Amino acid sequence: MKWLLLGLVLLPAVLMLATGIGRVDKPETVDELNVNKYLGEWYAIASIVKFFNRSCLWGNKAKYSLRDDGRLNVVNTCYTKEGRKNEVKGVAWVPNESEPGKLKVSFVSLFGVNLFAADYWVLDLGKDYDYAVVGDPELNFGWILSRTKLLRKEKLDKIVDKLENIGYDFDDFKMNPQTPP
């Protein structure tokens, strides 16, 4: 009985450590984010595959545009193996102006209220906004975005090093081709 109780106490702690929940060392975000420079189209060069992008085979892109209320419209698109275009629309915003790299994004709206907002943290950004690295505090999600369909190998290698220094395992990422296979 004593071992069962000990197991019940230790199991949640082990699971939290294994999944990253409760991480104390959250990744740092960019200190400055010029939303107007961030607007436009971004190609998803690599990303961690999750339920919402599992069917995406190629052509992964995100487009950001400014709304009248200062928030950002988000349109994510990709193509399936069958060549069908998937598109999802959402809204992103900066909840705390003193932390401009920590955005929230929601792809579910009900009567104008954005539900199930997720963290969208800008972890790294090219000085000319030519690339962006986006993740979340628990390192469950991750994207390497570029203004061009391809990144030079040297630049990609530097980004991968940064991701791994933050705590990501780049083996969790899938390279996203921008043209049909």
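Data block above holds the structure.
Residues numbered from 1 in each chain as written. Predicted model: local features only at pLDDT ≥ 70, side-chain atom pairs only at ≥ 80, totals over all residues. Heavy atoms only, no water.

1. Side note on the state of the cysteines
What counts, and what does not: Only a pair of cysteine sulfur atoms within 2.5 Å counts as a disulfide in this structure description. The secondary structure listing takes helices from DSSP runs of H or I that are at least 4 residues long and strands from runs of E that are at least 2 residues long, numbered from the N terminus. Burial classification: accessible surface area is computed with a 1.4 Å probe over protein chains only, and a residue below 20% of its type maximum counts as buried, one above 50% as exposed, and the rest as partly exposed.
Per the stated rule, a full pass over the model turns up one disulfide. Disulfide pairing is shown between Cys 56 and Cys 78; the S-S distance is 2.0 Å. Torsion about the S-S bond of the Cys 56 and Cys 78 cystine: about -60°, corresponding to left-handed handedness. One end of the pair, Cys 56, is in the loop between strand E1 (40-48) and strand E2 (58-66); the other, Cys 78, is in strand E3 (residues 72-79), with 22 residues separating them in the sequence. According to the relative accessible area criterion, Cys 56 is buried, its value standing at 9%. With relative accessibility at 3%, the residue Cys 78 sits in the buried group.

2. Structural notes on helix H3 (residues 153-166)
Selection criterion: In this scheme, a helix's expected span is set at 1.5 Å multiplied by one less than its residue total. In this description, one arc is meant: the one made by directions from the helix axis to the C-beta atoms. Whether two residues are in contact is decided by their heavy atoms: any pair within 4.5 Å suffices.
For H3, spanning 14 residues, the distance from its first C-alpha to its last is 20 Å, which sits close to the expected 20 Å at 1.5 Å a residue. For H3, the set of buried residues is Lys 155, Leu 156, Ile 159, Val 160, Leu 163 and Ile 166. Buried residues in H3, looked at end-on, bunch into an arc of 135°, giving them a common side. Counted as exposed and oriented over 90 degrees from the buried face of H3: Lys 153, Glu 154, Lys 158 and Asn 165. Looking at the buried residues of H3, the elements they touch are strand E8 (118-125), strand E9 (131-135), strand E10 (142-146) and strand E11 (173-175).

3. Some thoughts on the pairing of strand E5 (residues 102-106)
Condition: When DSSP finds two or more bridges between two strands, those strands count as paired.
The sheet contact formed by strand E4 (residues 85-93) and E5 spans three bridges and is antiparallel. Across the sheet, the residue bridging to Ala 92 is Val 105, located in E5. Relative to E8, E5 runs antiparallel, the two being bridged by four bridges. Bridged to Lys 102 within E8 is Trp 121.

4. So, a nonpolar patch on the surface
In plain terms, the rule: Residues form patches when they are more than 30% accessible in relative terms and have no salt bridge. Like charges link within 9 Å. Nonpolar side chains (Val, Leu, Ile, Met, Phe, Trp, Tyr) link within 5 Å. Calculation of accessible area relied on Shrake-Rupley with a 1.4 Å probe; when residues are assessed, cover is drawn exclusively from the protein chains displayed. Any Lys or Arg side-chain nitrogen found within 4 Å of a carboxyl oxygen on Asp or Glu counts as a salt bridge.
On the surface, a cluster of nonpolar side chains totalling about 380 Å² of accessible area is made up of Val 88, Phe 107, Val 108 and Phe 116. On the accessibility criterion, Phe 107 (36% relative accessible area) is partly exposed.

5. Observations concerning the packing of aromatic side chains
Aromatic ring pairs are reported here in terms of the distance separating the ring centres and the angle at which the planes meet. Inclusion rule: Stacked, tilted and edge-to-face are the three classes applied to pairs of Phe, Tyr and Trp rings, where Trp contributes its six-membered ring and a pair requires centres within 6.5 Å; stacked means planes under 30 degrees apart, edge-to-face means over 60, and tilted covers the rest. When the NZ atom of lysine or the CZ atom of arginine is within 6 Å of a ring's centre and also within 35 degrees of its normal, the charge is said to sit over that ring.
According to the stated counting rule, one finds seven aromatic pairs in the structure shown. Ring centres 6.2 Å apart and planes at 70° place the aromatic pair Tyr 64 and Tyr 120 in the edge-to-face group. Here the residue Tyr 64 occupies a position in strand E2, and Tyr 120 occupies one in strand E8, the gap between them amounting to 56 residues. On the accessibility criterion, Tyr 120 (9% relative accessible area) is buried. Seen from their ring centres, Phe 170 and Phe 173 are 5.1 Å apart, and the 20° between their planes marks the pair as stacked. Here Phe 170 matches Phe 173 in class, with each residue buried. Grouped by ring-pair contacts, the aromatic residues Tyr 38, Trp 42, Tyr 64 and Tyr 120 constitute a single cluster. Positioned above the aromatic ring of Phe 141 is the side chain of Lys 50, whose terminal nitrogen or guanidinium carbon lies 5.6 Å from the ring centre. Taking the ring centre of Trp 42 as reference, the NZ or CZ of Arg 147 above it sits at 3.8 Å.

6. Looking at unusual backbone geometry
Within the chain, Tyr 129 stands out as a residue other than glycine whose phi angle is a positive 60°. Tracing the backbone shows Tyr 129 in the loop between E8 and E9. Here the phi dihedral of Leu 139 falls at roughly 65°; this positive angle occurs in a residue that is not glycine. Residue classification places Leu 139 among the buried residues on the basis of a relative accessible area of 13%.

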